[in-house]
Amino acid sequence: MNTLTRKNVTAMLGEFDDEVVAEIIATGATPEELAQAHAWLANDEPLMNAARVIDIVAAITEEEEEEDAARRG
């Protein structure tokens, strides 16, 4: 498991003050996790896809609850 360094953070996100870099490093994220987070921020498509999946699951759950309520009475 690789640990983040200031070099990792600034290479990926640009220059930040020491406090911000330290806070990011303190999360315990790996360089790979930082890259993934950066990709999600740079491209909101995965977020939109996740939101769509949530909407689908919520709709199915709601339909099942309505069917159960109708069966009960």
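Worth saying up front: this structure is predicted, and the values here are computed from it rather than measured. (Residues numbered from 1 in each chain as written. Predicted model: local features only at pLDDT ≥ 70, side-chain atom pairs only at ≥ 80, totals over all residues. Heavy atoms only, no water.)

A. Local environment of the nonpolar core. By size, the foremost hydrophobic cluster in this structure holds six residues: Leu4, Val9, Val21, Ile24, Ala29 and Leu34. Setting aside residues no more than four positions away along its own chain, Leu4 makes contact with Val9, Ile24, Ile25, Ala29, Thr30, Pro31 and Leu34. (Core = buried A, V, L, I, M, F, W, Y, C linked by side-chain atoms within 4.5 Å. Buried < 20%, exposed > 50% of the residue type's maximum accessible area, 1.4 Å probe, protein only. Contact = heavy atoms within 4.5 Å.)

B. How the structure looks around the pattern of salt bridges. Tallied over the entire structure, the rule returns four salt bridges. A salt bridge links Arg6 to Asp18, with the nearest nitrogen and oxygen atoms 3.2 Å apart. Note that Arg6 is positioned in helix α1 (residues 6–13) and Asp18 in helix α2 (residues 18–26), a separation of twelve residues in sequence. Taking the relative accessible area as the measure of exposure, Asp18 reaches 58% and is therefore exposed. With its nearest N and O atoms 3.3 Å apart, the salt bridge here joins Asp68 to Arg71. Here the residue Asp68 and the residue Arg71 both occupy positions in helix α4 (residues 45–72), the gap between them amounting to three residues, near one helical turn. A relative accessible area of 62% places Arg71 in the exposed class. A network of salt bridges, in which partner residues are shared, links Arg6, Glu15 and Asp18. (Salt bridge = Lys/Arg side-chain N within 4 Å of Asp/Glu carboxyl O. Helix = DSSP H or I, 4+ residues; strand = E, 2+ residues; numbered from the N terminus.)

C. Region of the structure containing the packing of α1 against helix α3 (residues 31–42). Running from N to C, α1 and α3 cross one another at 20°; their axes reach a closest spacing of 11 Å. Between α1 and α3, the interaxial angle falls into the category roughly parallel. Handedness of the α1/α3 crossing: right-handed. Listed contacts from α3 to Asn8, Val9, Met12 and Leu13 of α1 are Pro31, Leu34, Ala35 and His38. For the contact of α1 with α3, the residue count by class is six nonpolar, two polar and no charged. (Axes fitted to C-alpha atoms, helices over the stretch in contact; angles between N-to-C directions. Parallel < 35°, antiparallel > 145°, perpendicular 65-115°, else oblique. Left-handed = near helix turned anticlockwise from the far one by under 90°. Nonpolar A, V, L, I, M, F, W, Y, C, P; charged D, E, K, R; others polar.)

D. Layout of a negative patch on the surface. Together, Glu62, Glu63, Glu64, Glu65 and Glu66 give the surface a local cluster of negative charge. Here Glu63 lies in helix α4. On the basis of relative accessibility, which here comes to 46%, the residue Glu63 falls in the partly exposed class. (Patch = residues over 30% accessible without salt bridge, like charges linked within 9 Å, V, L, I, M, F, W, Y side chains within 5 Å. Areas by Shrake-Rupley, 256 points an atom, 1.4 Å probe, with all protein chains shown as cover. Lys, Arg positive; Asp, Glu negative; His and termini not counted. Charge placed at Lys NZ, Arg CZ, Asp CG, Glu CD.)

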